[in-house]
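# A closer look at the structure
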Amino acid sequence: MTSAQPAAVIVLAAGEGTRMKSATPKVLHTLAGRSMVGHALAAAQGLNPERIAVVVRFERDKVAHHVLEILPDAVIVDQDDVPGTGRAVQCAVSVLDATIHAAEAAANSGSTQNPLPLSDGLSGPVVVVSGDVPMLDAETLAELLDAHVTDGNAVTVLTTELRDATGYGRIVREGDGSVAGIVEHKDATPEQLEIREINSGTYVFDSAVLRRALGSVDRNNAQGEVYLTDVLALARAEGGAVRAVRTDDPWLVEGANDRAQMSVLRAEFNRRITEFWMKEGVTIVDPATTWIDVQVELEQDVTILPGTQLFGETVVRTGAVVGPDTTLENVVIESNATV
């Protein structure tokens, strides 16, 4: 895990997700025992940030309540009517700056002598992640943050390569490998559409660069939105280093826009969970019909028979046999038991 500590992690969770065709906000749909935003929060907590902010809008109260159940110290940020990820992050930076200024003012109020001047607010790296990318983990975020700090970058973006990059922003690189910018699919030229390296929507920004650039971003694009990706070009114009860290595992940055994509993500996530436990000494007779939540704990020499579902914080101890066709939720199965 990284030794660097981000000033904040900003989780973008304001979208409606209309293609889900659901009254439930997209980020509250679940897989592997957590909501999508719950997975994002778990990854964010793994960085031990000073603050975690979650930007909300659609079904605001429902999402905020869920987030605060998971993480009571989270800062809830309301996005206004201005669309775009850039605007969402700008709202978050403004609220976080105000939170820091309030804390500084409170500290000064107890002393009448030599009060400390107020800071600019956030200082240090700021990580931005999407609330609908559930397989992104803390280890990958730590690698991104380490690269950002070690290289002294203004912006560092997580990327991957896809055979079909339709719909994704493309990474445009200079001859030396640095990132010239990100072009959204709808704004790309035919040549740029041939690029297979895509933007994951996960970034680390220098907080001062981010604050300045967001003040200059406009909505002059095909979608009339404030693009967060425009910050990269503005950072370069200042002379800052903009680089990419590429993951060879596209699943880590895969989002879900509809129920079909959710089912594909669930299956892959579950495949990885069952594979992990088998490598830890658990016998899973039929992984294709075995479903295990991410918080389940299994000990060595447990046997899981076909058709078994283990949900919540279930614990199965050494030598126990569970199944077939058994569903357990939030229970403890003792050693050598048969269920």
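Before reading on, note that the structure itself is shown above.
Here's a quick rundown of the structure. (Residues numbered from 1 in each chain as written. Predicted model: local features only at pLDDT ≥ 70, side-chain atom pairs only at ≥ 80, totals over all residues. Heavy atoms only, no water.)

### Some remarks on the overall build of the protein chain
Along the backbone of the protein chain there are seven helices and 20 strands. A compact globule built from 339 residues should have a C-alpha radius of gyration of about 20 Å, and the protein chain, at 22 Å, falls within 12% of that. The principal-axis extents of the C-alpha atoms in the protein chain amount to approximately 65 × 60 × 40 Å. Within the protein chain, counting contacts between residues at least 6 apart in sequence, those at least 24 apart form 56% of the total. Per element, the accessible surface of the protein chain, about 15,800 Å² overall, is 47% carbon and sulfur. The protein chain carries 26 positive and 48 negative side-chain charges, and their two centres are separated by 5 Å. (Helix = DSSP H or I, 4+ residues; strand = E, 2+ residues; numbered from the N terminus. Rg over C-alpha atoms; globule rule 2.2 N^0.38 Å. Contact = heavy atoms within 4.5 Å. Areas by Shrake-Rupley, 256 points an atom, 1.4 Å probe, with all protein chains shown as cover. Lys, Arg positive; Asp, Glu negative; His and termini not counted. Charge placed at Lys NZ, Arg CZ, Asp CG, Glu CD.)

### Structural notes on helix α6 (residues 230-237)
Residues Val-231, Leu-232 and Ala-235 constitute the buried set of α6. Projected onto a plane normal to the axis of α6, the buried residues spread over an arc of 105° and lie on a single side. On its buried side, α6 packs onto β7 (155-161), β9 (179-183), β10 (197-206), α5 (207-214) and β11 (242-246). The first or second residue beyond α6 is Gly-239, which carries a positive phi of 95°. (Buried < 20%, exposed > 50% of the residue type's maximum accessible area, 1.4 Å probe, protein only. Arc of directions from axis to C-beta.)

### Describing the sheet that holds strand β17 (residues 315-316)
Pairing is parallel across the open sheet formed by three strands, whose spatial order is β14-β17-β20. Bordering the open sheet on either side are β14 (297-298) and β20 (332-333), each of which pairs with just one other strand. Here β14 runs beside β17; their pairing, made up of two bridges, is parallel. Each residue of the ladder has a partner; that of Leu-298, found in β17, is Val-316. (Pairing = 2+ DSSP bridges.)

### Observations regarding the packing of helix α3 (residues 85-109) against α5
For the pair α3 and α5, interaxial distance at closest approach is 10 Å and the crossing angle is 120°. Judged on the interaxial angle alone, α5 and α3 are oblique. When the axes of α3 and α5 are compared, the crossing they make is left-handed. Here Gly-86, Val-89, Gln-90, Val-93 and Asp-97 of α3 lie close against α5, whose contacting residues are Leu-210, Arg-211 and Leu-214. Along the lines of polarity and charge, the residues of the contact of α3 with α5 split into four nonpolar, two polar and two charged. (Axes fitted to C-alpha atoms, helices over the stretch in contact; angles between N-to-C directions. Parallel < 35°, antiparallel > 145°, perpendicular 65-115°, else oblique. Left-handed = near helix turned anticlockwise from the far one by under 90°. Nonpolar A, V, L, I, M, F, W, Y, C, P; charged D, E, K, R; others polar.)

### Quick notes on the side chain of His-29
Here His-29 lies in the loop between β1 (8-12) and β2 (30-31). On the basis of relative accessible area, His-29 is assigned to the buried category, the value being 11%. Other than its neighbours up to four places away in sequence, His-29 contacts Met-20, Ser-22, Thr-24, Arg-34, Ser-35, Met-36, Arg-259 and Met-262.

### Structural notes on the pairing of strand β5 (residues 75-78)
Sheet analysis places strand β4 (residues 52-56) next to β5, joined by four bridges and oriented parallel. Considered in β5, the bridge of Val-55 is made with Val-77. A crossover connection joins β4 to the parallel β5 through helix α2 (residues 60-70); in handedness this β-α-β unit is right-handed. (Right-handed = clockwise from strand over helix to strand, strands pointing away.)

### Comments concerning the environment of Thr-166
Tracing the backbone through its elements, the reader meets Thr-166 in the loop between β7 and β8 (170-173). Along the primary structure Thr-166 and Lys-186 are separated by 20 residues, whereas in three dimensions their C-alpha atoms are 9.8 Å apart. In this structure the side chain of Thr-166 is engaged in a polar contact, spanning 2.6 Å, whose partner is the side chain of Asp-164. (Polar contact = N/O pair within 3.5 Å; in protein donor to acceptor, adjacent residues only side chain to side chain.)

### Section: the side chain of His-39
Within the fold, His-39 resides in helix α1 (residues 36-45). His-39 has contacts with Leu-31, Ala-32, Arg-34, Pro-134, Phe-269 and Val-294, leaving out every residue within four places of it along the chain.

### Observations concerning the pattern of salt bridges
Summed over all chains, the structure comprises 18 salt bridges. For the salt bridge of Arg-211 with Asp-97, the shortest nitrogen-to-oxygen distance reads 2.9 Å. Of this pair, Arg-211 sits in helix α5 while Asp-97 is found in helix α3, placing the two residues 114 residues apart along the sequence. Of the residues examined, Asp-97 reaches a relative accessible area of 10% and is grouped as buried. With its nearest N and O atoms 2.7 Å apart, the salt bridge here joins Arg-272 to Glu-268. Here Arg-272 and its partner Glu-268 are both found in helix α7 (residues 259-279), four residues apart, which amounts to about one turn of the helix. (Salt bridge = Lys/Arg side-chain N within 4 Å of Asp/Glu carboxyl O.)

### Concerning the packing of α1 against α2
Direction vectors running N to C along α1 and α2 enclose 40°, while the axes themselves pass 10 Å from each other. In terms of axis orientation, α1 runs oblique to α2. For the crossing formed where α1 meets α2, the hand is right-handed. Contacts between α1 and α2 pair Val-37, Gly-38 and Leu-41 from the former with His-66, Val-67 and Ile-70 from the latter. Of the residues that constitute the contact of α1 with α2, the class distribution is four nonpolar, two polar and no charged.

Function cannot be inferred from these measures alone, as they are strictly geometric.
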